[in-house]
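Commentary on secondary and tertiary structure
One letter stands for each residue in the lines below.
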Amino acid sequence: MQEIMYNFRGFRWLQAMIFAIEEINSSPTLLPNMTLGYRIFDTCNTVSKALEATLSFVAQNKIDSLNLDEFCNCSEHIPSTIAVVGATGSGISTAVANLLGLFYIPQVSYASSSRLLSNKNQFKSFLRTIPNDEHQATAMADIIEYFRWNWVGTIAADDDYGRPGIEKFREEAEERDICIDFSELISQYSDEEEIQQVVEVIQNSTARVIVVFSSGPDLEPLIKEIVRRNITGKIWLASEAWASSSLIAMPEFFRVIGSTIGFALKAGQIPGFREFLQKVHPKKSTNNGFAKEFWEETFNCYLPDGSKNSPASTSFHKGHEEGLGAGNGTAAFRPPCTGDENITSVETPYMDYTHLRISYNVYLAVYSIAHALQDIYTCTPGKGLFTNGSCADIKKVEAWQVLKHLRHLNFTNNMGEQVDFDEFGDLVGNYSIINWHLSPEDGSVVFEEVGHYNVYAKKGERLFINENKILWSGFSKEVPFSNCSRDCLPGTRKGIIEGEPTCCFECVDCPDGEYSDETDASACDKCPEDYWSNENHTSCIPKQIEFLSWTEPFGIALTLFAVLGIFLTSFVLGVFTKFRNTPIVKATNRELSYLLLFSLLCCFSSSLFFIGEPQNWTCRLRQPAFGISFVLCISCILVKTNRVLLVFEAKIPTSLHRKWWGLNLQFLLVFLCTFVQIVICVIWLYTAPPSSYRNHELEDEIIFITCHEGSLMALGFLIGYTCLLAAICFFFAFKSRKLPENFNEAKFITFSMLIFFIVWISFIPAYASTYGKFVSAVEVIAILAASFGLLACIFFNKVYIILFKPSRNTIEEVRCSTAAHAFKVAARATLRRSNVSRKRSNSLGGSTGSTPSSSISSKSNHEDPFPLPATAERQRQQQRGCKQKVSFGSGTVTLSLSFEEPQKNAMANRNAKRRNSLEAQNSDDSLMRHRALLPLQNSEPLSVEPGFQAASSPETSSQESVVGDTKEEVPNPEAEPSLPSANSRNFIGTGGGSVTENTVHS
């Protein structure tokens, strides 16, 4: 078998036209009693030849319009041309249509698909039986999008077919974010240098998919050069004009273009056409001047009589776009043809009638013209297309009348399909998608149908591809990669690279809080408000919920400390309850101490409201509970401290003092102080109540459930009022620091208030700088620290004495301490008086003296610097007492106090009171202003121990009555000690000087 470079497909198309005309002429129903004739012109695929042929029959039509029959013999006259079938190439059709449109001669093309030809303003008489390239360009873009390619190159023929087609493809590609790496124009007339430049671009490009809008003859030189350089691995997307071209679909080119996917027109069926093709013979086809040339090229021989049968015929080596080279030899070197050769013995594209596409379009074009003539033939006057419904005369029909009927044509073809031209003169048709395979039988290139494109379907459903049938490079099933950048995996998005096309991108990880669950995502999607992106940013997961939980270590530790505080406070309360009648408990204002301990229990308990998931009710309860508890606690301390201070500093305790500092009024003051805080809390809860709040802004991956306080001003008032009471309490505690130790809690209260201030001053910046669950933790720590400070400083020392130092929890110890305080006050007063007298004497006598300094010390009776007689020693054993010593600048004053058993000294006590009553009249007023008394609980009776020899006075009796309700009762061991008079002192002076005033010797 010999392979011949000849336009066999073009000759088959010519045969299809002849077959259709002969079939119509023999039809009894279509144009009966009427015969169609034809003239065949070869354009040689050039505009000049096409225009030459067109002018020949246009001129003939013009001559016919002059009615010259009476002036000449017209027996050999050629009839006028009423319609033209062709041309094949869009460029040729464009030139011909411009000329034919001037004379309204209808032109029906079977292969010119350029979308420019749809412009009816320019091409008025052009129609076609092939779909517009606009649909083909859209189909190409859909295929590229289907295979997820976005980096392609384009090649187009430099004519009216290639340029508009590739321009439409660019528009469609841009809509689909498909980038074009290079775009080149080619032509069959391009010189070698231009072809080399295009090949260099293709070779250096990273795009593997190349879209080609060209005809076979225009593409052939480029493919030959690519084969010569052996540039493989490219995917060719072929337009309909060369997708099944025998010039390109050759086995020797397959290694380069074996991955071609192209578009082909829908195949039609022409009954009897196969037999008609086989009957071709130069001797039988006397009216076909091209048959002889076909025969010679097919069998590579020559016929002896080489004259053409038709003067109009020319060389057919350059048919439609399938432009060919010369044959395999010239007539001088070919053997003569016998005329008995069998056409079926040679494998050529001429006999490939399995997929009749362009051939069927030719067949359909001829039948369209025939049906237009049939409509004219059967036209009923009054229903015609012309003025007043008139009809054209079939015997004198003109081209423009045929064009009118073609535009309104509507008939059914032999396949049962409706045929009608749209307003643009186009037939809307579908495409078949083919893939080039290498036949395993003979090694030829075959076109395997792998899908179709339905232009009638809605967008998104037009394309169908069976990927299982596609072979890439002739053997591979894996879809090639043709993207500028690798696909971005889920969890990333495409990032623009400056200066590069949009298809060239870098993969950027999705930011936190965003995700992408698809490949090649253009943007990352935001997660819902309560969700956050996972580690790979491929999906969203629920955010972590965080609050100060009971189960976390920090929450457990704070809870344990709160429980410990509650336990210690309860223990102290139990101790005070059990030892409620001991002097120390009584001296601490027993009822207020109970209330103070209860408030501390509330303080420790209020801290527990800050732990756990915040709810609306806990948010509204915790701050008021904390604020009221602390105000109650501070109020109790304030009333206790102020009461003792006022009693000891009062000159003459009166009934007003007794009434003012009664127990009921103390509770009233505590209530009033606490009530102010309650009012603040009620106003807060009414105007801006706190509520639970899910905070998404602090940290991206965590939802902090916190309490929105509603009003920071209200919280400031709550804490500020508490600190104000604490400051007042601190002031009174500091002022009462020199009172008897038994009554004086000032030192411990001062420390507790200092701790309180340190805690809450530190709390403010800590509260402002923390967030989330740590805000609650900071406040819990502050509450616990302040509560432990108050509990430890005020009560732990007393509990220690009660439990481990019971010897200090006695009446005698309390009396001794109280008497020491009285002596200190009197000593200071005496010292001041002595200094005044000395200054006066010095001013009179001209001498000066220094101001002595003093110090006071005390010790028990167990060591007496003065030896006593045996009788005195026995008497001392029956007494309990203490000594107080004051050191001056020039001497020392020692105070000795003794206390006898109450049962043995009742009478002596009464005598001492009478003596004190007389001696008090002579005592100094200044000393009377510095008496001290024992501020015991008002409910406990007071008595003066008989063994304590003291001078009584109205002032003394008055001061005693401030504390106790009765002046004198029967003494008993549990009775609280009375306050000794400041006059009941024994001053012993030693050293350089002595001071003796109102002494009473026991």
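Residues numbered from 1 in each chain as written. Predicted model: local features only at pLDDT ≥ 70, side-chain atom pairs only at ≥ 80, totals over all residues. Heavy atoms only, no water.

Things to note about the confidence of the model for the protein chain
The condition is simple: A score from 0 to 100, pLDDT tells how confident the predictor is in each residue. Contacts are assigned to residue pairs with any non-hydrogen atoms lying within 4.5 Å of each other.
Within the protein chain, residue pLDDT values average 77, and 75% of them lie at 70 or more. Counting contacts from residues 846-881, a segment whose pLDDT is below 50, to residues more than four positions away or on other chains yields 65 contacts. Throughout residues 886-891 the model reports pLDDT below 50, and contacts reaching past four residues in sequence, or to other chains, amount to 26 contacts.

Side note on the sheet that holds strand 4 (residues 151-157)
Heads up, the condition is: DSSP calls a pair of strands paired once it identifies at least 2 bridges connecting them. Think of it this way: any DSSP run of H or I at least four residues long counts as a helix, any run of E at least two long counts as a strand, and we number them from the N terminus. Angular values range over 0 to 180 degrees, each being the angle between N-to-C directions of two axes fitted as lines to C-alpha atoms, with helices fitted over their stretch in contact.
What the eight strands build is an open sheet, ordered 5-4-6-7-8-11-12-13; its pairing is mixed. The open sheet has two free edges, formed respectively by strand 5 (179-186) and strand 13 (463-465), since each of these has just one partner strand. Strand-to-strand twist of the sheet, defined as the mean angle between neighbouring strand axes without regard to direction, takes the value 30°. Bridging between strand 6 (residues 209-213) and strand 7 (residues 235-238) involves four bridges; their strand directions are parallel. Bridging from a neighbouring strand, Val211 pairs with Leu237 of strand 7.

Here's the deal with the UniProt feature "transmembrane region" (unreviewed entry) in the protein chain
Short version of the rule: UniProt positions are given in the numbering used here, feature names are shortened, and annotations may be inferred rather than shown by experiment.
In the numbering used here, UniProt assigns the feature "transmembrane region" (unreviewed entry) to residues 554-576, 592-612, 624-646, 667-686, 712-734, 746-768 and 774-796. What you have in residues 554-576 is 100% helix and 0% strand, and the ends, taken at the C-alpha atoms, are 33 Å apart. Here residues 592-612 runs as 71% helix and 0% strand, with 33 Å between its end C-alpha atoms.

Brief notes about the sheet that holds strand 1 (residues 84-85)
Across the sheet, three strands lie side by side as 1-2-3; this open sheet has parallel pairing. In this open sheet, the two strands that pair with only one neighbour each are strand 1 and strand 3 (126-128). Here strand 1 pairs with strand 2 (residues 107-109) via two bridges, running parallel. Looking across to strand 2, one finds that Val84 is bridged to Gln107.

Focus: the pairing of strand 12 (residues 445-453)
Bridge count for strand 11 (residues 431-438) against strand 12 is eight bridges, and the pairing is antiparallel. In the sheet register, Asn435 faces strand 12, and the bridge partner there is Glu448. When strand 12 meets strand 13, the two strands line up antiparallel, connected through three bridges. Counterpart to Tyr453 in the pairing with strand 13 is Leu463.

Some thoughts on unusual backbone geometry
For the bond running from Gly86 to Ala87, omega is -5°, close enough to zero to count as cis. Tracing the backbone shows Ala87 in the loop between strand 1 and helix 3 (90-100). A positive phi is found at Asn300, a non-glycine position, where the angle reads about 55°. Assignment of secondary structure puts Asn300 in the loop between helix 11 (291-299) and helix 12 (358-377). Of note in the backbone geometry, Asn388 takes a positive phi value of approximately 60° without being a glycine.

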